[in-house]
Amino acid sequence: MEVLKIASKSQPKSVAGAIAAVLREEGKAELQAIGAGAVNQAVKAVAIARGFVAPSGVDLVAIPAFAEIEIDGEERTAIKVFVEPR
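Under an unreviewed UniProt entry, the chain has the name Stage V sporulation protein S and belongs to Selenihalanaerobacter shriftii.

**Describing the side chain of Gln41**
Mapped onto the fold, Gln41 is located in helix α2 (residues 36–53). Judged by relative accessible area, Gln41 falls into the buried class, the value being 11%. A polar contact is formed between the side chain of Gln41 and the backbone oxygen of Ser10, at a distance of 2.8 Å.

**Thoughts on the nonpolar core**
With 20 residues, the main nonpolar core has Leu4, Ile6, Ile19, Leu31, Val46, Leu60 and Val83 as its most contacted residues. Of all the secondary-structure elements, those providing two or more residues to this core are β1 (3–6), α1 (12–26), β2 (29–33), α2 and β4 (74–85). Beyond its immediate sequence surroundings of up to four residues, Leu60 is in contact with Leu23, Ala49, Arg50, Val53, Val83, Glu84 and Pro85.

**Here's the deal with α1**
Between its first and last C-alpha, α1 extends 20 Å over 15 residues, near the 21 Å set by a 1.5 Å rise per residue. Considered for burial, the residues of α1 that qualify are Pro12, Val15, Ala16, Ile19, Ala20, Val22 and Leu23. Buried residues of α1, viewed axially, fall in a sector of 165 degrees; they line one side. The outward face of α1, more than 90 degrees from its buried face, is lined by the exposed residues Lys13, Ser14, Arg24 and Glu25. In this structure, the buried residues of α1 make contact with β1, β2, α2, β3 (60–71) and β4. Looking one or two residues beyond α1, the residue adopting positive phi is Gly27, at roughly 90 degrees.

**Details of the pairing of β3**
Inspection of the sheet shows β3 paired to β4 by twelve bridges, in the antiparallel sense. Bridge pairing in β4 places Ala67 opposite Ala78. Where β3 folds back onto β4 in an antiparallel hairpin, the turn is made up of two residues, including Asp72, whose phi is positive at roughly 55 degrees.

Scoring rules and cut-offs
Residues numbered from 1 in each chain as written. Predicted model: local features only at pLDDT ≥ 70, side-chain atom pairs only at ≥ 80, totals over all residues. Heavy atoms only, no water. Helix = DSSP H or I, 4+ residues; strand = E, 2+ residues; numbered from the N terminus. Buried < 20%, exposed > 50% of the residue type's maximum accessible area, 1.4 Å probe, protein only. Polar contact = N/O pair within 3.5 Å; in protein donor to acceptor, adjacent residues only side chain to side chain. Core = buried A, V, L, I, M, F, W, Y, C linked by side-chain atoms within 4.5 Å. Contact = heavy atoms within 4.5 Å. Expected span 1.5 Å × (residues − 1). Arc of directions from axis to C-beta. Pairing = 2+ DSSP bridges.

Structure, rendered in structure tokens:
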């Protein structure tokens, strides 16, 4: 599954469109965010994506989790959000 990496400068509406597209294609989506700003944009994007898919009768749920990832040889803690239909 493709991981959508969210930055603090990511546009929530664009990310929401990507979430909706991945959901239609794969049935679930995975987001990854590092830092408070990125997590904020990810949460907004999930809320907007719920509005995008609701007219087709799909109710989304978001399951957050911590993940340890390595960036430039340094361990970082990321928030992963798994988005799937209920």
